[in-house]
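Residues per chain are reported as follows:
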Amino acid sequence: MSADAVHFESMTTGRPSTAASTLRRRVSAYTRQDVVGRFKIGITNNPRRRFSNGYSADYDEMIVLYRSPSRDSVSQVERDLIDHNQAITKNRIAGGGGNCGDPPYYLYIVLRHK
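Calculation criteria
- Residues numbered from 1 in each chain as written.
- Predicted model: local features only at pLDDT ≥ 70, side-chain atom pairs only at ≥ 80, totals over all residues.
- Heavy atoms only, no water.
- Pairing = 2+ DSSP bridges.
- Helix = DSSP H or I, 4+ residues; strand = E, 2+ residues; numbered from the N terminus.
- Axes fitted to C-alpha atoms, helices over the stretch in contact; angles between N-to-C directions.
- Parallel < 35°, antiparallel > 145°, perpendicular 65-115°, else oblique.
- Left-handed = near helix turned anticlockwise from the far one by under 90°.
- Contact = heavy atoms within 4.5 Å.
- Nonpolar A, V, L, I, M, F, W, Y, C, P; charged D, E, K, R; others polar.

The next point concerns the sheet that holds strand β4 (residues 105-113). What the four strands build is an open sheet, ordered β1-β3-β4-β2; its pairing is mixed. In the strand order of this sheet, the two ends are held by β1 (6-7) and β2 (36-44), each with one partner. Examined bridge by bridge, β2 and β4 share eight bridges and lie antiparallel to one another. Bridge pairing links Ile43 to Leu107 in β4.

Below is the structure:
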């Protein structure tokens with residue numbers, strides 16, 4: 001894994017309803033179809049481990065977008081973003097696919113560049 005494959009830049013926090021529009025805009029900016037071939041949205045409590053153990057072979061980078069001590073809050077944001085990007089994301093379900101461990105929880109997107 002490249003040392004700079006996981007980015008924690010400009011991480012959003014706060015209530016899901018407050019963060020939703022900012023996160024939608026950020027995902028749209030990162031996932032422009034002329035730059036990104038595919039992407040997935042997910043949650044974890046350890047972004048670096050998640051990238052190296054689950055995505056490093058198929059994706060180029062992970063961008064951590066949101067952090068919360070609440071599993072419910074990060075799950076709500078995940079569902080919203082997957083639903084909002086349903087036509088273009090590689091997520092097969094609307095979130096909640098596994099155990100995330102102890103808080104804090106992070107919402108991320110993984111990107112495969114063209």
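Here the focus is the packing of helix α1 (residues 16-30) against helix α3 (residues 71-84). Following both chains from N to C, one finds α1 and α3 inclined at 40°, their axes separated by 10 Å at the closest point. Taken together, the axis directions place α1 and α3 in an arrangement best described as oblique. As α1 packs across α3, the resulting crossing turns out to be right-handed. The residues of α3 that touch α1, namely those facing Pro16, Ala20, Leu23, Arg24 and Val27, are Ser73, Gln76, Val77, Asp80, Leu81 and His84. Residues that form the contact of α1 with α3 fall into these classes: six nonpolar, three polar and two charged.

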